Every structure is written in C-alpha cells, then in structure tokens.
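Understanding the architecture of this molecule
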Amino acid sequence: MLKIGSHVSFKKDTQLLGSLDEALSYGSTTFMFYTGAPQNTNRIPLSKDLTIKAWNKMKENNINIKDVIVHAPYIINLANSEENKYQFSINFLKQECKRCEELGIEKLVLHPGSHVGLGEELGLKNIINALNEILPTTKTNILLETMAGKGTELGKTLEQIKTIINGVKYLNIGICLDTCHLSDAGYDMSDFDAFLKKLEDMELLNKVKCIHINDSKNPLGAHKDRHENIGFGYLGFDALIKIIHHKKLENIPKILETPYVDEHAPYKLEIEMIKNKEFDKDLKEKVINEK
Ligand code: FE
Ligand code: FE
Ligand code: ZN
C-alpha cells in the first residue's frame, strides 16, 4: 500500500484526533504535524482521551501510527553552541521526543541546524554532541532532514548527513529526504536511480525513514527552499511520480508539504493525482473552486 499523506494541523481542542480527521479527509494513509506552533515553544498538555480515540480510529482506517510523523519546531538549532541557546534547544527537543512517545509516534523529523557563522565543522560537532545527549533519553527516532542549503544550513550534502550519523553513538537516528531541498541543494531528482545508488554507496539508504515530496519553485542548485505543488515546479510530475512509486522506497511514508493555493489545502486533489499517476494541469483552479 502506498503510504502518502500531507502536513496537517494539530489543534488544541482536537489534537491527534483532529489531525487524523484532516488527513482522512484528503484520502491520506499517513500524515505529519507539529505538536504546537513551529516557531515557538508554547505546548499544550496532551489529552490521553483524544490520543486513544485517535489510535482506535487509525486502526479502523488502516493507518499505522508507526507511519505518522512529527516535525520538530524550527526554532531548535543544535548547531549553535552559544550557551543559553544550545541547552534550550537540547531541552526542548528532549521534551518533543517525550510528547512523541505519549502520542505513540516513533519518528521525529529535525532540521539538523544552521552554524550561524561558527563554521561547518564546529556546527556539525555541536549537532553530534547534542544528539548524543538527547538520543539515549528517548525511544523516538530522530530523522535528519536533507536541507536546501540556504544561509548557513547544515545537512545540505549527504556527506554532512553522513558525518552526523557517524558521530552519533545511538541507533535511533535516521534520515528524512526532502525532494525540493535535495534539488535546491544540487542533487538532480530527474536521475533518481543515480541518487539512490549514491545513497546506497554511502550506506545511507537503510537510514531513510520518511520522504517529503515537494516540487520546487527554483532550478537545480538554487539553495532557495521554496516548495511548489506537485508537477508545477522544476522537478516536474514524472520525476516525482517515479520517486513516490519507487519499489525500493515502497514502505517509507511520503509527506506532501506543498503550498496552499489561495488559502485552500491542495492535498486531496494532489493525492488523487499521485494515485492516478496522471498530471492535472488544472489542479490549482480546481483547488480554489472546491466546494
Ligand atoms: Fe522540514
Ligand atoms: Fe521538508
Ligand atoms: Zn522546505
């Protein structure tokens, strides 16, 4: 079964159950959310009642909680060792891992961090040290996201990801590929088998546990990180379809983080298009005109 879904909201009153309902309304078989606003650290207490209701409804709908993803807030920066900020990031990420455990979620996607002028080497070292403090405190798997390389972002090359993974002493570490970011970082997604070969040669393919499926508003190597709807950007529909339906990636959950069209979620129609393997050039108009 194709494991496809999108980013969904997580609201105070409905929590995991509301996120699930939103995902089901798009015809998803998995989903991803932030456990609170991505840009701040205000976190509401989790309701066990809503969590259990969500688990039961997932069973009824054949969604495996193991395929559901949480995205860590982007204010966490493990690369910046500036005193207060570093410990803050570490502590907050530990808390997020705890929240994942409470929700029964095993996979947490993390932006590795930005070195903010400290340099690549020190930035990577800081990330490794932080992960070696966090990972033994949790069962949650932290998945390092491949980044577009804007500003001083780390994780823009597979070599940097490999360096981090090699430095980590624990097994609950993995990778989340992001097709927009990879293309923006200079990896050609139109020759995906060559890219997979590179992942295999670097012994990283078995670490991939999630894929963000996005088209890009910018050409190969642009380092911009602006997502586009599937088939409307520089990667194109055929390249993305090949990735989504690739045999070697069959069991990996795939998450759309494509932009809303005029404040309307495009995911229901994008997922239909993906299942049908047929590009609909009128998708954006249809999203706007839906109900
Ligand atoms: Fe991300
Ligand atoms: Fe992403
Ligand atoms: Zn992005």
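Whatever comes next refers back to the structure up there.
Residues numbered from 1 in each chain as written. Chains lettered and ligands numbered in written order. Predicted model: local features only at pLDDT ≥ 70, side-chain atom pairs only at ≥ 80, totals over all residues. Heavy atoms only, no water.

A few points about the nonpolar core
To keep it simple, the criterion reads: By convention a nonpolar core is built from buried Ala, Val, Leu, Ile, Met, Phe, Trp, Tyr and Cys residues, the set being connected through side-chain atoms within 4.5 Å. A simple rule labels every residue: compare its accessible area, found with a 1.4 Å probe on the protein chains alone, to the largest value its type can have, and call it buried under 20%, exposed over 50%, or partly exposed in between. Numbering goes from the N terminus for both helices and strands, where a helix is a DSSP run of H or I of at least four residues and a strand is a run of E of at least two. Contact between two residues is taken to exist if any of their heavy atoms lie within 4.5 Å; hydrogens are not considered.
If you look at the biggest cluster of nonpolar residues, it comprises 83 residues, and the most contacted ones within it are L16, F33, L78 and L131. At seven residues, helix α3 (residues 83-103) tops the list of elements feeding residues into this core. Beyond its immediate stretch of four places on either side in the chain, L16 contacts F10, F31, F33, T51, A54, W55, M58, I65, L103 and I105. Judged by nonpolar contacts, the second largest core, of seven residues, contains M32, I69, V109 and L143.

Quick word on the coordination of the iron ion (ligand 2)
Cut-off, in case you're wondering: Note that water is not among the atoms used; donors are N, O and S atoms within 2.8 Å of the metal (3.2 Å for Na, K and Ca), so sites may look incomplete. Think of it this way: with four donors and all angles in the 85 to 135 degree range, the site is tetrahedral; with four or six donors, opposite ones beyond 155 degrees and the rest between 65 and 115, it is square planar or octahedral; otherwise it is irregular.
Listed as protein donors to the iron ion (ligand 2) are E145 (OE), D178 (OD), H212 (ND1) and E257 (OE); their distances from the metal cover 2.1 to 2.2 Å. Its four donor atoms give the iron ion (ligand 2) angles of 82 to 171 degrees at the centre, a pattern that matches the irregular case. All donor residues of the iron ion (ligand 2) come from one chain, and their arrangement in sequence is E-x32-D-x33-H-x44-E. Between the two metals, the iron ion (ligand 2) and the iron ion (ligand 1), the spacing is 3.3 Å, and E145 donates to both.

Considering helix α8 (residues 237-244)
Summarising burial for α8: six of the eight residues are buried, a large majority. Those residues of α8 lying buried are F237, A239, L240, I241, I243 and I244.

Points about the coordination of the iron ion (ligand 1)
Coordination of the iron ion (ligand 1) by the protein is provided by H71 (NE2), H111 (NE2) and E145 (OE), with metal-donor distances spanning 2.1 to 2.3 Å. Each donor residue of the iron ion (ligand 1) belongs to the same chain, and together they define the spacing H-x39-H-x33-E. According to the relative accessible area criterion, H71 is buried, its value standing at 1%.

Let's talk about the pattern of salt bridges
Any two side chains of opposite charge can pair, on the condition that their charged atoms come close. Applicable threshold: Between Lys or Arg on one side and Asp or Glu on the other, a salt bridge is scored when a side-chain nitrogen of the former is within 4 Å of a carboxyl oxygen of the latter.
As enumerated under the stated definition, the model contains 20 salt bridges in all. Close ionic contact of E133 with K94 constitutes a salt bridge, the shortest N to O distance being 3.2 Å. With E133 in helix α4 (residues 120-134) and K94 in helix α3, this pair connects stretches of sequence that are 39 residues apart. Given the relative accessible area of 32%, E133 is considered partly exposed. Of the residues examined, K94 reaches a relative accessible area of 22% and is grouped as partly exposed. When salt bridges that share partners are traced, they join R43, E96 and R99 into one network.

Re the side chain of T140
Within the element layout of this structure, T140 appears in the loop between α4 and β6 (141-145). In this structure T140 comes out as buried when scored by relative accessible area, which is 2%. Excluding its chain neighbours within four sequence positions, the residues that come into contact with T140 are C97, C100, E101, I105, E106, L108, L135 and N172.

Comments concerning the pairing of strand β1 (residues 4-7)
Here is the rule we go by: Strands are treated as partners if at least two bridges between them are detected by DSSP.
Examined bridge by bridge, β1 and strand β12 (residues 254-256) share three bridges and lie parallel to one another. Opposite I4, over in β12, you have K254 as the bridge partner. Of the strand pairs in this sheet, β1 and strand β2 (residues 30-33) are connected by three bridges, and their pairing is parallel. Within β2, the position partnered with S6 by the bridge is F31.

As for the pairing of strand β8 (residues 173-178)
Counting buried positions over the six residues of β8 gives six, a clear majority of the element. Along β8, one buried face is formed by I173, I175 and L177 and the opposite face, lined by G174, C176 and D178, is buried too. The pairing of β6 with β8 spans four bridges and is parallel. Counterpart to L143 in the pairing with β8 is G174. Direction of pairing for β8 relative to strand β9 (residues 208-213): parallel, over a ladder of four bridges. Its bridge partner being in β9, L177 is matched across the sheet by I211.

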